[in-house]
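Listed below are the residues making up each chain.
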Amino acid sequence: IRRSIRAKDWKMAPNIVALARSATFDDPKSVDLVIAEALAHTNDAVRHLLFEKNSFGQVLFAARSLFLVSTGDLFDSIVNGLEDVLAAPTLQISTSTVKEQLQAAARDIAPFLSAAENDALDYVNVVFDDAGDRLATGHDSFTISLPFIRPHNAILHDASVLEYRRLFKFLFRVKRAEVALKRAWQQSILMARSPHVRRQSSLIRQARQASVTLYKHVNGFVVNIQMYLMTEAIQGSWATLQTALTESKSLDDIIDAHERYLGSLLKYTLLDDQYSRARGEVMELLRLTFKYCELQRQLGQAVATARDAGVPQLLEAYRELFDDLHAAMSRLLTLLDEDAMHFDFLQALGARLNFNNFYHVDSDSATVDF
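Residues numbered from 1 in each chain as written. Predicted model: local features only at pLDDT ≥ 70, side-chain atom pairs only at ≥ 80, totals over all residues. Heavy atoms only, no water.

Draft legend 1. Spatial organisation of the overall build of the protein. The secondary structure content of the protein amounts to 14 helices and two strands. For the protein, the C-alpha radius of gyration of 26 Å lies well beyond 21 Å, the compact-globule estimate for 370 residues. Judged by the C-alpha coordinates and their principal axes, the protein covers about 100 × 45 × 35 Å. A total of 370 residues make up the protein; the buried ones form 45% of that total. A sequence separation of at least 24 residues applies to 74% of the contacts in the protein between residues at least 6 apart. Accessible surface, the protein: about 19300 Å² in total, of which carbon and sulfur atoms supply 52%. Between the centroid of the 40 positive side chains of the protein and the centroid of its 46 negative side chains there is a distance of 6 Å. (Helix = DSSP H or I, 4+ residues; strand = E, 2+ residues; numbered from the N terminus. Rg over C-alpha atoms; globule rule 2.2 N^0.38 Å. Buried < 20%, exposed > 50% of the residue type's maximum accessible area, 1.4 Å probe, protein only. Contact = heavy atoms within 4.5 Å. Areas by Shrake-Rupley, 256 points an atom, 1.4 Å probe, with all protein chains shown as cover. Lys, Arg positive; Asp, Glu negative; His and termini not counted. Charge placed at Lys NZ, Arg CZ, Asp CG, Glu CD.)

Have a look at this one:
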């Protein structure tokens, strides 16, 4: 307690000390009583010092908010601020520049963050996991880390931080897809209001129609995967952790509860190795989402200039993207359906992502099958 919990003035309760002095090894029951009383007293002290004096609950909440990309407005701002910076090769990116962008985004919404979140942002470290890979961009390798000190690092130790970094990397990519689609939708609105809209050729109108149809599919995927991650993976695991912490009796109980929490997060986000095939298809669908957003940017340029140059190639790219989306989604749904027999939570993910069943309308004229 004095060393790890940093309570230098802490002392054992006088009544337990007196009990120990009167105990004797000739009477094993008296020794057992001392041990039981001492353990109960110290475990209560550790929990009190950890949660009340060292605000572990707030630190854990801040870790959840940052590593699990749970603070929506903050990460919308971070994604927008870092989009161009992280597009460069990792070797060319300055970590100090990225950190400045993180802190600038935090300043914009600081009044809406908890004190623990603001404090954590001051100490956040920028990490690039594939720093030695010449082909990797910042988007491929960007993650964050937090330096946890005693007593918090008894639970939030280096091995758990590595798992948090894996979670951040995946969840940040999903957030990037969400923000990119918001920009794509805004661009669609601008195209619809363009002064050139009446002079658009049939080719551009076809491209715009293809873009709208594809948007429904990529947006349906991203919205549903995001909802699944927030409700099934993060909120569900967090609620279970809070119950376990409330019922904990010792530091060992707290450590075990947190380990189970991390295990649950890795499972439900498909980052556990046994779900690698399904995770690969999710990553492929995210890649195709970014490809759609790039095509949308090119279409916006064509609409702005009212020129057909490059539009036939754009239409062909939309057709190929539609086929790739259909193939990737079909593979993912097949995998989820097969694995749901062994892992029941995959059934919930499959139900959310099955675009046809989820959005199907009985009227033939209103139905657009994926």
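Draft legend 2. Structural view of the side chain of histidine 152. Note on placement: histidine 152 falls in the loop between strand E2 (142-145) and helix H8 (158-192). The contacts of histidine 152, once residues within four sequence positions are left out, are Leu50, Asn54, Ser55, Phe56 and Val59.

Draft legend 3. View of the nonpolar core. Grouped together as the largest cluster of nonpolar side chains are 103 residues, with contacts concentrated most on Phe67, Leu74, Phe142, Phe172, Phe221 and Tyr292. It is helix H9 (residues 202-247) that contributes the most residues to this core, 16 residues altogether. Not counting the four nearest positions on each side in its chain, phenylalanine 67 is found in contact with Ile144, Ser145, Leu146, Phe148, Val161, Tyr164, Arg165, Leu167, Phe168 and Leu171. In this structure, Ile5, Ala45, Val46 and Leu49 belong to the second largest nonpolar core, which totals six residues. (Core = buried A, V, L, I, M, F, W, Y, C linked by side-chain atoms within 4.5 Å.)

Draft legend 4. Expanded view of the environment of aspartate 308. Along the chain, aspartate 308 falls in the loop between helix H11 (276-305) and helix H12 (311-339). Taking the C-alpha atoms as reference, aspartate 308 lies 39 Å from alanine 278; in sequence the two are 30 residues apart. When neighbours within four sequence positions are excluded, aspartate 308 is seen to be in contact with Ser201, Leu203 and Ile204.

Draft legend 5. Quick look at the side chain of lysine 175. Tracing the backbone shows lysine 175 in helix H8. Only 3.2 Å separates the side chain of lysine 175 from the side chain of aspartate 76, close enough to count as a polar contact. (Polar contact = N/O pair within 3.5 Å; in protein donor to acceptor, adjacent residues only side chain to side chain.)

Draft legend 6. A look at a positive patch on the surface. Taken together, the side chains of Arg3, Arg6, Lys8 and Arg150 define a basic patch exposed on the protein surface. Structurally, the position occupied by arginine 3 is in the segment before helix H1 (14-22). The exposed category is assigned to arginine 3, whose relative accessible area is 69%. (Patch = residues over 30% accessible without salt bridge, like charges linked within 9 Å, V, L, I, M, F, W, Y side chains within 5 Å. Salt bridge = Lys/Arg side-chain N within 4 Å of Asp/Glu carboxyl O.)

Draft legend 7. Focus on the environment of alanine 233. If you trace the backbone, alanine 233 turns up in helix H9. Overall, alanine 233 belongs to the buried group, its relative accessible area being 0%. Not counting the four nearest positions on each side in its chain, alanine 233 is found in contact with Tyr228, Leu265, Tyr268 and Thr269.

Draft legend 8. Focus on the packing of aromatic side chains. Evaluated as defined, the whole model comprises 14 aromatic pairs. Where phenylalanine 61 meets tryptophan 238, the ring centres are 6.4 Å apart and the plane angle is 65°; that geometry is what we call edge-to-face. In this pair, phenylalanine 61 is assigned in helix H3 (residues 56-67) and tryptophan 238 in helix H9, connecting sequence segments 177 residues apart. Classification of phenylalanine 61 by relative accessible area gives partly exposed; the value is 33%. Arginine 64 extends its terminal NZ or CZ atom over the ring of tryptophan 238, reaching a point 4.9 Å from the ring centre. Positioned above the aromatic ring of phenylalanine 290 is the side chain of arginine 176, whose terminal nitrogen or guanidinium carbon lies 4.1 Å from the ring centre. (Phe/Tyr/Trp six-rings, centres within 6.5 Å; stacked < 30°, edge-to-face > 60°. Lys NZ or Arg CZ within 6 Å of the ring centre and 35° of its normal.)

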